[in-house]
Amino acid sequence: MRDVLRHTHPADRYGAAASGRGLLLVPSAFAHKPAPPVSAEEPPLLVHPSRGVATLWTPAPTPDAPALVSLLGAARARLLDLLGEPLPTIEIARRFRVTPSAVSQHLRVPHATGLVTRARDGRQVLHRRSPLGDRLTGRAVSRRSTVCNRGGSHT
């Protein structure tokens with residue numbers, strides 16, 4: 001018989017005819033050994049231990065600030081660190097003492113790679129670190145809805 005699923009563990013012998021029904025493989029973080037279906041009437045499936053389960057409970061590595069500077073460059077690393085709150089281009093330029101066009105150039109790559117997001121607010125474009133940027137810098141920011149009104153205060 002070629003189309004038969006057999007599980008030959010001594011404690012739980014199991015056999016089911018596949019009969020063209022296929023075989024569903026189900027990885028599970030909670031299975032410590034392969035487990036067949038409960039009854040032969042169920043479609044053929046095999047629950048098995050998934051790979052890398054031990055890493056599920058390992059804490060994420062802490063970001064390394066010098067490595068971030070090596071990756072992005074000092075100016076972009078400082079810029080990414082600053083953008084925990086939404087800021088318009090002109091305010092970023094004022095804080096860095098550079099021109100708005102220089103800020104736009106420095107934001108091009110972080111925006112293209114998903115580290116920074118943009119949102120228009122009237123005549124201004126607000127820049128903010130994305131969740132990916134938060135993880136990269138190790139700065140978790142509350143993602144409650146933050147809107148900047150034209151007066152500059154946050155609500």
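Definitions and limits used
Residues numbered from 1 in each chain as written. Predicted model: local features only at pLDDT ≥ 70, side-chain atom pairs only at ≥ 80, totals over all residues. Heavy atoms only, no water. Helix = DSSP H or I, 4+ residues; strand = E, 2+ residues; numbered from the N terminus. Contact = heavy atoms within 4.5 Å. Buried < 20%, exposed > 50% of the residue type's maximum accessible area, 1.4 Å probe, protein only. Polar contact = N/O pair within 3.5 Å; in protein donor to acceptor, adjacent residues only side chain to side chain. Expected span 1.5 Å × (residues − 1). Bend = angle between axes of the 7 residues up to and from the residue.

Visitor: An account of the environment of A119 is requested, with residue identities and associated values reported.
Guide: By the element assignment, A119 lies in strand β6 (residues 116–121). Sequence-wise, A119 and P88 are 31 residues apart; in three dimensions their C-alpha atoms are separated by 9.4 Å. A119 has contacts with Q124, V125 and L126, leaving out every residue within four places of it along the chain.

Visitor: So what's going on with the side chain of D134? Residues and values would help.
Guide: Its place among the elements puts D134 in helix α5 (residues 131–137). Residue D134 is classed as buried on the basis of its relative accessible area of 7%. Of the polar contacts made by the side chain of D134, one reaches the side chain of R129; its length is 2.6 Å.

Visitor: Which residues make up helix α4 (residues 100–112), and what are the values?
Guide: With 13 residues, α4 ought to run about 18 Å at 1.5 Å a step, and its terminal C-alpha atoms sit 18 Å apart, in line with that. The largest bend in α4 comes to about 30°, at H106, with the proline P110 one to four residues further on. Those residues of α4 that fall on the buried side of the exposure criterion are A102, V103, L107 and P110. Where α4 is buried, its residues meet α2 (74–82), α3 (89–96), β6 and β7 (124–129). At the exit of α4 stands G114, carrying a positive phi of roughly 85°.

Read these as layout, nothing more, since geometry by itself doesn't imply function.
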